[in-house]
Amino acid sequence: VGTAIHAYSGIGGGCFATFSNCDLDGFYGMTMSGGDISFVGGFQSSGSPTAQKLVQTGGRVSYSGVQFLVVANFPTGTPWMSVVAGTCNIAGGQIKRDDFDVCMFNVGGSGRLTISSTSIVHGANVVFAQPFIYGQTISRVIALGNTLSDLGVGSAVFFQNVGDGLHNVSENILIGHT
């Protein structure tokens with residue numbers, strides 16, 4: 001398990017990069033403490049229950065049209081993406097967690113997450129114990145216009161709010177979700 005990308009601010013300022021149709025497959029993700037990173041298209045998966053795709057403590061990262069695939073259960077309390085500070089924007093791609101019980105996003109501290117117009121695919125007839133998005137006090141979550149697959153007789157929580165975060169979760173199609 002390793003980290004494919006380390007993004008940070010140095011003496012000369014923050015780093016910046018755009019990755020087009022880039023694949024971060026398997027056991028590698030990104031740590032980010034500063035800078036401005038964009039992913040346009042491409043594929044990202046995680047093949048280990050400890051290989052988080054993003055651990056963000058600063059900066060700004062944007063994903064546009066990226067396909068995400070979860071291929072392992074994560075322990076309770078270990079999110080697929082952690083946004084503690086900085087801004088994470090996701091638009092127009094697909095997140096596929098199938099039958100894996102994973103908290104996809106843990107947004108805490110001064111972290112900001114915007115997820116919009118994204119197709120979210122879950123396994124049918126599965127009871128998910130972990131929320132899809134976990135928003136903590138003072139963080140900000142905006143989830144608009146996403147489409148989630150039908151859970152059948154299963155159940156899941158799309159967004160769980162802890163504390164008084166000023167979140168905006170609306171206009172999502174949540175078949176079987178709370």
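This text follows the structure it describes.
Given the structure is predicted, the values throughout are model-derived calculations rather than measurements.

Scoring rules and cut-offs
- Residues numbered from 1 in each chain as written.
- Predicted model: local features only at pLDDT ≥ 70, side-chain atom pairs only at ≥ 80, totals over all residues.
- Heavy atoms only, no water.
- Helix = DSSP H or I, 4+ residues; strand = E, 2+ residues; numbered from the N terminus.
- Rg over C-alpha atoms; globule rule 2.2 N^0.38 Å.
- Buried < 20%, exposed > 50% of the residue type's maximum accessible area, 1.4 Å probe, protein only.
- Contact = heavy atoms within 4.5 Å.
- Areas by Shrake-Rupley, 256 points an atom, 1.4 Å probe, with all protein chains shown as cover.
- Lys, Arg positive; Asp, Glu negative; His and termini not counted.
- Charge placed at Lys NZ, Arg CZ, Asp CG, Glu CD.
- Core = buried A, V, L, I, M, F, W, Y, C linked by side-chain atoms within 4.5 Å.
- Pairing = 2+ DSSP bridges.
- Phe/Tyr/Trp six-rings, centres within 6.5 Å; stacked < 30°, edge-to-face > 60°.
- Lys NZ or Arg CZ within 6 Å of the ring centre and 35° of its normal.
- Salt bridge = Lys/Arg side-chain N within 4 Å of Asp/Glu carboxyl O.

Some points on the overall build of the protein
Thought 1: Across its full length, the protein carries zero helices and 21 strands.
Thought 2: Here the C-alpha atoms of the protein give a radius of gyration of 15 Å, agreeing with the 16 Å that 2.2 N^0.38 yields for 178 residues.
Thought 3: Principal-axis analysis of the C-alpha atoms places the extent of the protein at approximately 55 × 35 × 25 Å.
Thought 4: Looking at the 178 residues of the protein, the share that counts as buried comes to 44%.
Thought 5: Pairs at least 24 residues apart make up 74% of the contacts formed inside the protein by residues separated by at least 6 positions.
Thought 6: Of the roughly 7,700 Å² of accessible surface on the protein, a fraction of 55% belongs to carbon and sulfur atoms.
Thought 7: Mean positive and mean negative side-chain charge positions of the protein (6 and 9 charges, respectively) differ by 8 Å.

Side note on the environment of threonine 114
Thought 1: Assignment of secondary structure puts threonine 114 in strand β14 (residues 112-116).
Thought 2: Note: C-alpha distance between threonine 114 and histidine 167 (53 residues apart in sequence) is 9.9 Å.
Thought 3: Discounting chain neighbours no more than four positions away, the residues touching threonine 114 are Cys88, Asn89, Ile90 and Ile142.

Digging into the nonpolar core
Across soluble globular proteins, nonpolar side chains show a tendency to be buried alongside one another.
Thought 1: Residues Tyr63, Phe105 and Ile133 are the most contacted members of the largest nonpolar core, which totals 34 residues.
Thought 2: Among the elements that make up this core, the one with the highest residue count is strand β11 (residues 81-91) (four residues).

Section: unusual backbone geometry
Thought 1: Residues other than glycine seldom take positive phi values, yet asparagine 21 does so here, at roughly 50°.
Thought 2: By secondary structure assignment, the location of asparagine 21 is in the loop between β4 (16-20) and β5 (23-24).
Thought 3: Residue class for asparagine 21 comes out exposed when judged on its relative accessible area of 57%.
Thought 4: Phi at serine 117 takes a positive value of approximately 50°, unusual for a residue other than glycine.
Thought 5: Here serine 117 is to be found in the loop between β14 and β15 (119-122).

Overview of the sheet that holds strand β8 (residues 43-46)
Thought 1: Ordered by their spatial adjacency, seven strands build an open sheet running β5-β8-β10-β12-β15-β18-β21, and the pairing between neighbours is parallel. The strands lining the two open edges of the sheet, one partner per strand, are β5 and β21 (173-174).
Thought 2: Sheet analysis places β8 next to strand β10 (residues 67-70), joined by four bridges and oriented parallel. For phenylalanine 43, the partnering residue across the bridge sits in β10 and is glutamine 67.

Side note on the packing of aromatic side chains
The description of two aromatic rings rests on the distance between their centres and on the angle between their planes.
Thought 1: Throughout the structure, instances matching the rule amount to six aromatic pairs.
Thought 2: Where phenylalanine 39 meets tyrosine 63, the ring centres are 5.1 Å apart and the plane angle is 5°; that geometry is what we call stacked. Of this pair, phenylalanine 39 sits in strand β7 (residues 36-40) while tyrosine 63 sits in strand β9 (residues 54-64), and the two are 24 residues apart along the sequence.
Thought 3: Among the residues examined, phenylalanine 39 registers a relative accessible area of 1% and is labelled buried.
Thought 4: A residue is classified by how much of its surface remains accessible, and tyrosine 63, at 2% relative accessible area, is buried.
Thought 5: Note on phenylalanine 105 and phenylalanine 132: the rings are 5.8 Å apart at their centroids and 70° apart in plane angle, and the pair reads as edge-to-face. Of this pair, phenylalanine 105 sits in strand β13 (residues 105-107) while phenylalanine 132 sits in the loop between β15 and β16 (133-135), and the two are 27 residues apart along the sequence. The same class applies to phenylalanine 105 as to phenylalanine 132, namely buried.
Thought 6: Of the aromatic side chains, those joined through ring pairs into one cluster are Phe19, Phe39, Tyr63, Phe68 and Trp80.
Thought 7: Taking NZ or CZ as reference, arginine 97 lies 4.1 Å from the ring centre of phenylalanine 128, over its face.

Details of the pattern of salt bridges
Side-chain pairs of opposite charge can arise whenever the charged atoms involved come near each other.
Thought 1: Considering all chains together, one arrives at one salt bridge under this definition.
Thought 2: Close ionic contact of aspartate 36 with arginine 60 constitutes a salt bridge, the shortest N to O distance being 2.3 Å. Here aspartate 36, found in strand β7, pairs with arginine 60, found in strand β9; they are 24 residues apart in sequence, far enough to count as distant.
Thought 3: We classify arginine 60 as partly exposed; its relative accessible area is 41%.

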